[in-house]
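These are the residues of each chain, in order.
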Number of protein chains: 2
Amino acid sequence: MAIMTFKAESRLKDGLSVESTAGKFTVLMDEPETLRGTDTGMNPVEMLLCSLGACQCIVARLFARAQRIEFEEFRVELEGDLDTDGFLRGRDGLRPGLSEIRYTLHIKTGTSREKVEDFAAFIKKRCPVSDVIVNGTNILQKDVVTET
Amino acid sequence: MAIMTFKAESRLKDGLSVESTAGKFTVLMDEPETLRGTDTGMNPVEMLLCSLGACQCIVARLFARAQRIEFEEFRVELEGDLDTDGFLRGRDGLRPGLSEIRYTLHIKTGTSREKVEDFAAFIKKRCPVSDVIVNGTNILQKDVVTET
């Protein structure tokens, strides 16, 4: 067992804008005006897709040699569908989150098609963020701390 | 039905660093040196936690009035456990992703404890990123495009 515990903190700012921090790094999120925000940053669902794509890229780099593949460029296009009747209105039978995520890998490589497809399958299986999204992870509310 | 499709793109840069883009916004990710990166940005798992925390904050702001709660400040601390034997070594029976996520809400409010706890439960249920993580979402690989 080699458990690492990752930490982050998110703080609500003006309107729907949020500052999230992990270690020494900070990122801003917001919503577009169509979702009542002020469009000062990408929204959390877009950031989730960015996290997934980045994780796939890192897994590709980390395991390329062990998987016996070489590439010059690696890029992922991602998209996800969200029903605003589930999120904004809470309509029965509709989930608030993404109903499906789709992606396309773009790889500049001289490796054979078969090996590239095996590599893509490996990435999907080994990527930590893919695993969380596909298989689900329990979210535990430890506490609600109030102050006046 | 009011389906919105959100999009993002991630591109591998030097080493384990990745540039992810959604619309006009760009974010950098990397890994710490302990995970073979160069520590130029938070990693995708930390970004996933940041996305979750930001989503909780936005849901809190969006629905506060409808849920009849007022607050002055809203902040979330998050953490998640990952077993590197699952991620880096692919050891049987261990998942590569987060085994559990925990969070604590910090709310500056004069509202009663009972209403605050109801509000916390509402946020957990309605938050799109929480929904994706807790209930899981299918990830479909559309294509692998290669070029030489």
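Residues numbered from 1 in each chain as written. Chains lettered and ligands numbered in written order. Predicted model: local features only at pLDDT ≥ 70, side-chain atom pairs only at ≥ 80, totals over all residues.

## Some remarks on the confidence of the model for chain A
- For chain A, per-residue confidence averages 96 on the pLDDT scale, and residues scoring 70 or more make up 99% of the total.
- Confidence estimates for the predicted assembly give a pTM of 0.98 and an ipTM of 0.97. (pLDDT = per-residue confidence, 0-100.)

## Description of the packing of helix α4 (residues 128-135) of chain A against helix α1 (residues 44-63) of chain B
- Viewed as axis vectors pointing N to C, α4 of chain A and α1 of chain B meet at an angle of 40°, and their least axial separation amounts to 9 Å. Considering the angle they form, α4 of chain A stands oblique to α1 of chain B. Here P128, V129 and V132 of chain A of α4 of chain A lie close against α1 of chain B, whose contacting residues are P44, V45 and L48 of chain B.
- In the contact of α4 of chain A with α1 of chain B, the residues fall into six nonpolar, no polar and no charged. (Axes fitted to C-alpha atoms, helices over the stretch in contact; angles between N-to-C directions. Helix = DSSP H or I, 4+ residues; strand = E, 2+ residues; numbered from the N terminus. Parallel < 35°, antiparallel > 145°, perpendicular 65-115°, else oblique. Contact = placed C-beta atoms within 7 Å. Nonpolar A, V, L, I, M, F, W, Y, C, P; charged D, E, K, R; others polar.)

## Digging into the relation of the copies chain B and chain A
- For the pair chain B and chain A, the superposition axis carries a translation of 0.0 Å, the fit reaches an RMSD of 0.0 Å, and the rotation angle comes to 180°. Each copy turns onto its partner about a two-fold axis. Rotation axis and chain B: the residue whose C-alpha lies nearest the axis is G136 of chain B, separated from it by 2.2 Å.
- When you check the interface residues of chain B against chain A, 100% turn up at the interface there too, and the contact is symmetric in its surfaces. (Least-squares fit on C-alpha atoms with pLDDT ≥ 70 in both.)

## Observations concerning the nonpolar core
- Counting 81 residues, the largest nonpolar core has L49 of chain A together with L49 of chain B as the members making the most contacts within it.
- For this core, the element with the highest residue contribution is helix α1 (residues 44-63) of chain A, accounting for 13 residues.
- Setting aside residues no more than four positions away along its own chain, L49 of chain B makes contact with F6, A8 and A22 of chain A together with L78 and G80 of chain B. (Core = buried A, V, L, I, M, F, W, Y, C linked by C-beta atoms within 7 Å. Buried ≥ 20, exposed ≤ 12 C-beta atoms within 10 Å, placed from the backbone.)

## Observations concerning the pairing of strand β3 (residues 25-29) of chain B
All names here are of chain B.
- Side chains F25, V27 and M29 project from β3 onto a buried face, and the interleaved T26 and L28 project onto a face without burial.
- In the sheet, strand β2 (residues 18-22) pairs with β3 via five bridges, with the strands oriented antiparallel. For V18, the partnering residue across the bridge sits in β3 and is M29.
- Turn length for the β2-β3 hairpin, with the two strands adjacent in sequence and antiparallel, is two residues, and the turn residue G23 shows positive phi of about 60°. (Pairing = 2+ DSSP bridges.)

## Points about the sheet that holds β3 of chain B
- Spatial strand order, β3(B)-β2(B)-β1(B)-β4(A)-β5(A)-β6(B): six strands in an open sheet with mixed pairing. Edge positions in the open sheet fall to β3 and β6 (138-147) of chain B, since each of these has one partner strand only. Averaged over all adjacent pairs, the angle separating strand axes in this sheet is 20°, with direction ignored.
- Inspection of the sheet shows strand β4 (residues 73-83) of chain A paired to strand β5 (residues 98-108) of chain A by ten bridges, in the antiparallel sense. Residue pairing in the sheet places E79 of chain A in a bridge with R102 of chain A of β5 of chain A.

## Structural notes on the interface of chain B and chain A
- On the side of chain A, 99 residues touch chain B, which itself brings 98 residues to the contact.
- The leading source of residues in the side of chain B that touches chain A is α1 of chain B, at 17 residues.
- Grouping the constituent residues of the side of chain B that touches chain A by class yields 49 nonpolar, 25 polar and 24 charged.
- In terms of strand pairing, strand β6 (residues 138-147) of chain A meets strand β5 (residues 98-108) of chain B through nine bridges, oriented parallel. What sits directly across from I139 of chain A, in β5 of chain B, is I101 of chain B.

## Focus on α1 of chain B
- Its 20 residues give α1 of chain B an end-to-end C-alpha distance of 28 Å, which sits within 8% of 28 Å, the value for a rise of 1.5 Å per residue.
- Among the 20 residues in α1 of chain B, 18 count as buried, and that is most of the element. (Expected span 1.5 Å × (residues − 1).)

## Considering helix α3 (residues 113-126) of chain A
Residue and element names in this part refer to chain A.
- Compared with an ideal rise of 1.5 Å per residue, which puts 14 residues at 20 Å, α3 spans 20 Å between its outermost C-alpha atoms and is within 8% of the ideal.
- Within the span of α3, buried status applies to F119, I123 and R126. Axial view of α3: buried residues confined to an arc of 80°, hence all on one face. Opposite its buried face, α3 presents the exposed residues R113, E114 and A121, each directed more than 90 degrees away.
- In the core, the buried residues of α3 are packed alongside α1. (Arc of directions from axis to C-beta.)

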